Amino acid sequence: QVQLVESGGGLVQAGGSLRLSCAASGRTFSNYRMGWFRQAPGKEREFVASITWSGGSTYYADSVKGRFTISRGNAKNTLYLQMNSLKPEDTAVYYCAASTLTRFSAYADEYDYWGQGTQVTVSS
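Quick notes on the rules
- Residues numbered from 1 in each chain as written.
- Predicted model: local features only at pLDDT ≥ 70, side-chain atom pairs only at ≥ 80, totals over all residues.
- Heavy atoms only, no water.
- Salt bridge = Lys/Arg side-chain N within 4 Å of Asp/Glu carboxyl O.
- Helix = DSSP H or I, 4+ residues; strand = E, 2+ residues; numbered from the N terminus.
- Buried < 20%, exposed > 50% of the residue type's maximum accessible area, 1.4 Å probe, protein only.
- Pairing = 2+ DSSP bridges.
- Axes fitted to C-alpha atoms, helices over the stretch in contact; angles between N-to-C directions.
- Phe/Tyr/Trp six-rings, centres within 6.5 Å; stacked < 30°, edge-to-face > 60°.
- Lys NZ or Arg CZ within 6 Å of the ring centre and 35° of its normal.
- Polar contact = N/O pair within 3.5 Å; in protein donor to acceptor, adjacent residues only side chain to side chain.
- Contact = heavy atoms within 4.5 Å.

Here's the deal with the pattern of salt bridges
1) Next: According to the stated counting rule, one finds 5 salt bridges in the structure shown.
2) Next: A salt bridge links R67 to D90, with the shortest nitrogen-to-oxygen separation between them at 2.8 Å. Here R67, found in the loop between β6 (58-60) and β7 (68-72), pairs with D90, found in the loop between β8 (78-83) and β9 (92-99); they are 23 residues apart in sequence, far enough to count as distant.
3) Next: We note a salt bridge from R103 to E110, for which the minimum N-O separation is 3.2 Å.
4) Next: Looking at R103, the relative accessible area reads 45%, which means it is partly exposed.

A few points about the sheet that holds β8
1) Next: With antiparallel pairing, the 4 strands of this open sheet are ordered in space as β1-β3-β8-β7. The sheet is open, and its two borders are formed by β1 (3-7) and β7, each paired with just one other strand. Ignoring strand direction, the axes of neighbouring strands in this sheet form an average angle of 15°.
2) Next: Taken together, the 5 bridges between β1 and strand β3 (residues 18-25) define a ladder with antiparallel strand orientation. By the bridge assignment, L4 is partnered in β3 with A24.

Section: the packing of aromatic side chains
1) Next: Applying the stated criterion to the full structure yields 8 aromatic pairs.
2) Next: Where F37 meets Y111, the ring centres are 5.0 Å apart and the plane angle is 75°; that geometry is what we call edge-to-face. Of this pair, F37 sits in strand β4 (residues 33-39) while Y111 sits in the loop between β9 and β10 (113-114); the two residues are 74 residues apart in sequence, bridging distant segments of the chain.
3) Next: By relative accessible area, which is 0% here, F37 ends up buried.
4) Next: Residue classification places Y111 among the buried residues on the basis of a relative accessible area of 5%.
5) Next: In this structure, R19 packs its charged tip against the face of Y80, placed 4.1 Å from the ring centre.

Regarding the side chain of S99
1) Next: For S99, the location among the structural elements is in strand β9.
2) Next: Residue S99 is classed as buried on the basis of its relative accessible area of 1%.
3) Next: Here the side chain of S99 touches L101 through a polar contact of 3.0 Å, landing on its backbone nitrogen.
4) Next: Engagement of the side chain of S99 in a polar contact is seen with the backbone oxygen of E110, the distance being 2.8 Å.
5) Next: Those residues within four positions of S99 in sequence are excluded, and the remaining contacts are Y32, R33, E110, Y111 and D112.

Details of the pairing of β4
The side chains of a regular strand alternate, residue by residue, between the two faces of the sheet.
1) Next: With 6 of 7 residues buried, β4 is to be regarded as a mostly interior element.
2) Next: A loop of 6 residues connects β4 with strand β5 (residues 46-52), the two strands running antiparallel in sequence, and G42 in this loop sits at a positive phi of about 75°.

Here it is in structure tokens:
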């Protein structure tokens, strides 16, 4: 059974940093594309960043480009999202997701497995 478990969320002041982690288990993720999405209250879930496990190709939403960095752990079962220069509009529940598609996708419905989410709150 596939499990994705996020951690690292919290409350931070604007301009601060947080690092989110996602521990993946249950199968080999070497051929999966991994991603981070977020959902703010009253808004739809939106794409944040994506990475391939094997190739390391990364993609970012324009709203986070230059501030957020997605990466994989050496053990290849951990996904990270380093968030710097945080803004109040980054406040949301952040989700880790895995897709069997090898091509890039920013569509949530093309990701097959999801974590439970971790809350990130940025105060002004």
